[in-house]
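# Descriptive analysis of the structure
Read off the chains here:
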Amino acid sequence: MGARSVVTVFCNGQLFTDIHAVFLDKDGTLANVAAYLSQLGHTQAELMERQLPGSQDWVLRALGFCHGGLSPSGLLAVGSRQETIVGIAAAAAMVGCPWVEAMDLARTTLGAADQQHSPKAAYTPLLSGALEFLGRLRQAGLKIVMVSADGQENLEKFVQHYGLATYFDHLQGVSCQHPAKTSRNFLPAACQAIDCEPHQGLVIGDAASDWQMAQSTRGFIGYLGGWQSPLSKTDILGPAGAAQAGSQGDLSLARSFATDFSQIRLG
């Protein structure tokens, strides 16, 4: 593990000063998950259709599928497992399934879909440039934390599968104690694990939940290059936030956006 350092991060004209730690999202930022999630979602919808005829299209829409494929800002792409189960159950309820039964169906079919596309780590390789970027962060002496809406076990398996243990000081996935990245205690718990304060950290991620989590930190870099069709600021900030981000005196948190890890430099 590298010694603690204080680093300035540069990204497309924005400076983030006095950075002690970087909080990195996994899926869509470090890991290529587009193909995996698309396969998982279609399997989930097919399994629900077998149990509940007429539900397939509702499930696909709930998960975030549209005419262009899976939306990178949809439920399956950014939601936690529990949020995904609730979304699938809501789709089942739209075709008349009682809520308790809908929740049971959502839970069991999602588990079966997981088994058909397991182990997840093998289906979600590192994005281009991610390993070199981790190396630069480590060489700079920054504390590095993986933060994810994925379950803790999947984070550990991902790190093990790709031999990344030396790059991370802590892995923070969702759990009973931390049910979502936007939970009030999620980021403070990650900070406590590395002896760091939130305002000493920088969040890098591809989802609105990462932007929300970053509000108590030094700044935010939206990573737009993790999907086949690059994301836009709107995908992360929402339409109102993206419009506000283009005006003077707007969103107070320092922020920038990158489509490639080479655009994020350390000084």
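Now for a quick tour of the structure. Note that the structure is predicted; figures quoted are calculated from it, not measured. (Residues numbered from 1 in each chain as written. Predicted model: local features only at pLDDT ≥ 70, side-chain atom pairs only at ≥ 80, totals over all residues. Heavy atoms only, no water.)

### Considering unusual backbone geometry
Note that the residue after Ser-118, namely Pro-119, is joined by a cis bond; omega there is 0 degrees. Assignment of secondary structure puts Pro-119 in the loop between helix H5 (99-116) and helix H6 (120-123). At Asn-12, a position not held by glycine, the phi torsion is positive, near 50 degrees. Along the chain, the position of Asn-12 falls in the loop between strand E1 (7-11) and strand E2 (14-19). We classify Asn-12 as exposed; its relative accessible area is 51%. Phi angles above zero are rare outside glycine, and Asp-195 is one such case at about 55 degrees. (Helix = DSSP H or I, 4+ residues; strand = E, 2+ residues; numbered from the N terminus. Buried < 20%, exposed > 50% of the residue type's maximum accessible area, 1.4 Å probe, protein only.)

### A few points about the packing of helix H1 (residues 34-51) against H5
At a minimum axis distance of 9 Å, the contact between H1 and H5 shows a crossing angle of 135 degrees. What the angle tells us is that H1 and H5 run oblique. Classified by chirality, the crossing of H5 by H1 is right-handed. Residues Tyr-36, Leu-40, Thr-43, Gln-44, Leu-47, Met-48 and Gln-51 of H1 touch H5, and the partners they reach there are Leu-105, Ala-106, Thr-109, Leu-110, Ala-112, Ala-113, Asp-114 and Gln-116. Classifying every residue of the contact of H1 with H5 gives nine nonpolar, five polar and one charged. (Axes fitted to C-alpha atoms, helices over the stretch in contact; angles between N-to-C directions. Parallel < 35°, antiparallel > 145°, perpendicular 65-115°, else oblique. Left-handed = near helix turned anticlockwise from the far one by under 90°. Contact = heavy atoms within 4.5 Å. Nonpolar A, V, L, I, M, F, W, Y, C, P; charged D, E, K, R; others polar.)

### Points about the layout of surface pockets
Taken as a whole, the largest pocket spans an internal volume of roughly 700 Å³. Along its surface, the largest pocket is lined by 36 residues, and Arg-81, Lys-120, Asp-150, Gly-151 and Asn-154 are the ones closest to its centre. Those elements that provide at least two residues to the lining of the largest pocket are H1, helix H3 (75-78), helix H4 (81-94), H5, H6, strand E6 (143-151) and helix H8 (152-161). The computed volume of the second largest pocket comes to approximately 240 Å³. Around the second largest pocket sit 15 residues that line it, and Gly-68, Leu-70, Trp-227, Gln-228 and Ser-229 are the ones nearest its centre. Of all the elements in the fold, those that place two or more residues in the lining of the second largest pocket are H1 and strand E5 (69-70). Sorting elements by how many residues they give to the lining of the second largest pocket places H1 first, with three residues. A breakdown of the residues in the lining of the second largest pocket according to their chemical character gives eight nonpolar, six polar and one charged. (1 Å grid on protein atoms, 1.4 Å probe; cavity = no way out; pocket = protein on both sides within 12 Å on 5 of 7 lines; lining within 4 Å. Points joined across faces, edges and corners; volume = space filled by probe spheres on them.)

### A look at the sheet that holds E6
Pairing between sheet strands relies on hydrogen bonds along the backbone, with the strands arranged either parallel or antiparallel. One open sheet holds the six strands; their spatial order is E7-E6-E3-E8-E9-E10, and the pairing between them is parallel. Single-partner strands in this sheet number two, and they are strand E7 (170-174) and strand E10 (254-258). On average, each strand axis in the sheet is tilted by 20 degrees relative to the strand beside it, whichever way the strands run. Bridge analysis of E6 against E7 gives four bridges, and the strand direction is parallel. (Pairing = 2+ DSSP bridges.)

### A look at the pairing of E1
Along a regular strand, successive side chains alternate from one face of the sheet to the other. Side chains Val-7, Val-9 and Cys-11 of E1 all project onto a buried face; the interleaved residues Thr-8 and Phe-10 project onto a face where none is buried. The sheet contact formed by E1 and E2 spans four bridges and is antiparallel. Considered in E2, the bridge of Val-7 is made with Ile-19. The antiparallel hairpin formed by E1 and E2 contains two residues in its connecting segment, where Asn-12 sits at a positive phi of about 50 degrees. Sheet analysis places E1 next to strand E11 (residues 264-266), joined by three bridges and oriented antiparallel. Pairing of Val-9 across the sheet is with Leu-266, part of E11.

### Observations concerning the pattern of salt bridges
All told, the structure shown has 11 salt bridges when counted by the stated rule. Across the pair Lys-120 and Asp-150 runs a salt bridge whose closest N-O atoms are separated by 2.7 Å. Taken together, the residues span a long stretch of sequence, with Lys-120 in helix H6 and Asp-150 in strand E6 at a distance of 30 residues. Neither Lys-120 nor Asp-150 differs from the other in exposure class; each is buried. Among the ionic pairs, Glu-132 bridges to Arg-136, the shortest N-O distance being 2.9 Å. Note that Glu-132 and Arg-136 are positioned in helix H7 (residues 130-139) at a spacing of four residues, about one turn of the helix. (Salt bridge = Lys/Arg side-chain N within 4 Å of Asp/Glu carboxyl O.)

The quantities given are spatial measurements derived from coordinates; they are silent on function.
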